[in-house]
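# An overview of the molecular structure
Each chain, written out:
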Amino acid sequence: MAATTPATRLFAIVSGVAAAGILFVTGVVLVAGEREAHRHAKKLRSAGIEVEAEPSTSWRRSVLTSAGLALALTALLARWLSRREARQATETAEFADAVAGGDFDAINPRPRDEPYRRTARSIERVADEIRRRTERAAQGEKGLRTILAGMVEGVVAVDEELEIMLINERAASMLGIEDVAEGRPLTGVAGAAPLKAAMKRVLALGEATTGEIETESDGLVQILELTTAPLRDSDRRITGVVTVMHDMTAVKLAEKMRRDFVANVSHELKTPLTAIHGAAATLIDSPEMPPDVRERFLRNIYRNSERLEQLIGDILELSRIQQGAERLEREMVDVSRLIADIVNRLEAVAVAKGNHVEFRKPPQVVMLDTDRQALSSIVENLISNGIRYTPSGGRIVVTLDFHPGEIGLEVSDNGIGISRKYQSRIFERFYRVDKARSRAEGGTGLGLAIVKNYVQALGGHVDVTSELGKGSTFRVRIPSTTA
């Protein structure tokens, strides 16, 4: 390899020329010496002095020996120069190969000769520049992935073959992908069929689209709003598709709940108003109505007006809580006394149905820094709910307990109970398991919704356990301070 480099060829030429020069000089010296020896011998003979026939043999041997040594030294110098040349060429080539292979930390061999030194420096500068650009690109990619990881929206980018080029964790969660793997075909993702159809449509049309799809993950249906756009290269050729997904499930659920709320309010208000209107019209049209019949109609009007008043009051109260207009006015409240007063007031209602309300309180005084009206509404609605759905002969037990950092309130009954499939919805506005029975018992369908919202406003939580035909237990936990 070294013999093929220009410098190596130069060294070979110089060595050859030097060797030829030494041989030429040696020959000239030998010829001149030989002539001088003959001339000197001739002079000696003319002077009558006898000389040897070959007087210059030893001198010739010395000259030849010196020439041989000079040739040997020239050959050694040429070989050393050739090896240095080859080593520098090899080290520079290996340095270049290492950088080309991605080892930007490879050590510059720093050759002695200027051509190789200049080449090595150039390679080193190229490696440094590539390293800087690679680091900037890596930082940019890391920043992009950090941004994508922190987004509440899901982002998916695929190529023309619908293979995933980029996907963030939120998108993987929306699509039910457990192992986020770039390069994975989107066609292999079970929950991505609607997304795949939207992306194919954009690839075909070549323009951005928006729409909604439904996906199911772990039995839960999600409504996703998609914004899908084509990816183009510098020549405006479509190379893939990117989709941004917004989870609209909560928004759609809220819209449905608002629609249901308006429909339920209209229905709930219409029922007592229709009864009042009918009874009043009958009284007007029947001036000769017997007194006992008239009284029955008047009581019906009064009862439905009371229901109407209760319904409107509950709607307004719930609306104020949810809108934040119901400001909490905290004060130190003796919780045991507050519950005892409510139990005493509702005991008459329970006795009228043939039921009994029992209050179990702790031995110590339990004080709570809370809003008295909110706590009263929570307790009253839970006890009234127990009385309403417990048949005659039943019992409602109210238990107050205290734990460090919170108080606990339980209201349990041995009433009709709630089926497991309905338990997650009973805190919704106007939701009733048995609508006819609820109206007959005088319920508005808002009591448990008021309880839930007040408990959340106080920083606590409420849940229920129930078994159909055996009764229900409502548990409330509220953060506490004691005094």
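The sections below set out a description of the structure shown in this document. Just so it is clear, the structure is predicted and the values come from calculations on it, not from any experiment.

## Concerning the overall build of the chain
Within the chain, the regular secondary structure consists of 11 helices and 12 strands. Pairs at least 24 residues apart make up 62% of the contacts formed inside the chain by residues separated by at least 6 positions. Summed over its atoms, the accessible surface of the chain is roughly 28600 Å², and 56% of this surface lies on carbon and sulfur atoms.

## Observations regarding the sheet that holds strand β9 (residues 395-403)
Within the open sheet, the five strands sit side by side as β7-β9-β10-β12-β11. Their pairing is mixed. Across the chains shown, the open sheet's two edge strands, defined by having one partner strand only, are β7 (356-360) and β11 (461-467). On average, each strand axis in the sheet is inclined to that of its neighbour by 15°, with strand direction left out of account. Pairing of β9 with strand β10 (residues 406-413) involves eight bridges; the strand directions are antiparallel. Across the sheet, the residue bridging to Leu-400 is Leu-409, located in β10. In the packing of helix α8 (residues 335-352) onto the sheet, contacts are made with β7, β9 and β10, and the angle to β7 comes to roughly 170°. Each of β11 and β12 (471-479) is contacted by helix α11 (residues 447-457), which is oriented at about 140° to β11, the strand it contacts most.

## Some thoughts on the pattern of salt bridges
Scanning all chains against the criterion turns up 14 salt bridges. For Arg-477, the salt bridge identified is with Glu-406, shortest N-O distance 3.6 Å. Pair noted here: Arg-477 is in strand β12 and Glu-406 is in strand β10, with a separation of 71 residues, a long-range link. Classification of Glu-406 as partly exposed rests on a relative accessible area of 26%. Three or more residues are tied together by salt bridges with common partners; here these are Glu-129, Arg-132 and Arg-133.

## A few points about the nonpolar core
In terms of nonpolar packing, the biggest core is built from 46 residues, with Ile-339 and Ile-383 touching the most fellow members. Secondary structure elements with two or more residues in this core: α7 (291-323), α8, α9 (372-388), β9, β10, α11, β11 and β12. Ignoring sequence-local partners within four residues, the contact set of Ile-383 consists of Ile-342, Val-343, Leu-346, Val-357, Val-398 and Val-411. Of all hydrophobic cores here, the second largest spans 21 residues; its members include Val-158, Ile-164, Leu-195 and Ala-198.

## Examining the environment of Arg-232
Structurally, the position occupied by Arg-232 is in strand β4 (residues 220-232). You can call Arg-232 partly exposed: its relative accessible area is 33%. For the pair Arg-232 and Gly-206, spaced 26 residues apart in sequence, the C-alpha separation works out to 9.6 Å. What Arg-232 contacts, discounting residues up to four positions off in sequence, is Gly-206, Arg-237, Ile-238 and Thr-239. From its side chain, Arg-232 meets the backbone oxygen of Gly-206 in a polar contact 2.7 Å long. A distance of 3.0 Å separates a polar atom in the side chain of Arg-232 from the backbone oxygen of Arg-236.

## Some remarks on the pairing of strand β8 (residues 367-371)
Burial runs high along β8: four of the five residues are buried. In this sheet, β8 lies alongside strand β6 (residues 330-334) in antiparallel orientation, the contact comprising five bridges. Bridging from a neighbouring strand, Met-332 pairs with Asp-369 of β8.

## Structural notes on α11
Within α11, eight of the 11 residues are buried, which leaves the element mostly enclosed by the surrounding structure. Those residues of α11 not exposed but buried are Gly-447, Leu-448, Ala-449, Ile-450, Val-451, Asn-453, Tyr-454 and Val-455. Residues of α11 that are buried make contact with α7, α9, β11 and β12. Within two residues after α11, Gly-459 carries a phi angle of roughly 85°, on the positive side.

## Observations regarding the side chain of Thr-370
As for its position among the elements, Thr-370 is in strand β8. According to the relative accessible area criterion, Thr-370 is buried, its value standing at 1%. Once residues within four sequence positions are removed from consideration, Thr-370 is found in contact with Glu-329, Arg-330, Glu-331, Val-333, Leu-375 and Leu-458.

Rules of the game
Residues numbered from 1 in each chain as written. Predicted model: local features only at pLDDT ≥ 70, side-chain atom pairs only at ≥ 80, totals over all residues. Heavy atoms only, no water. Helix = DSSP H or I, 4+ residues; strand = E, 2+ residues; numbered from the N terminus. Contact = heavy atoms within 4.5 Å. Areas by Shrake-Rupley, 256 points an atom, 1.4 Å probe, with all protein chains shown as cover. Pairing = 2+ DSSP bridges. Axes fitted to C-alpha atoms, helices over the stretch in contact; angles between N-to-C directions. Salt bridge = Lys/Arg side-chain N within 4 Å of Asp/Glu carboxyl O. Buried < 20%, exposed > 50% of the residue type's maximum accessible area, 1.4 Å probe, protein only. Core = buried A, V, L, I, M, F, W, Y, C linked by side-chain atoms within 4.5 Å. Polar contact = N/O pair within 3.5 Å; in protein donor to acceptor, adjacent residues only side chain to side chain.

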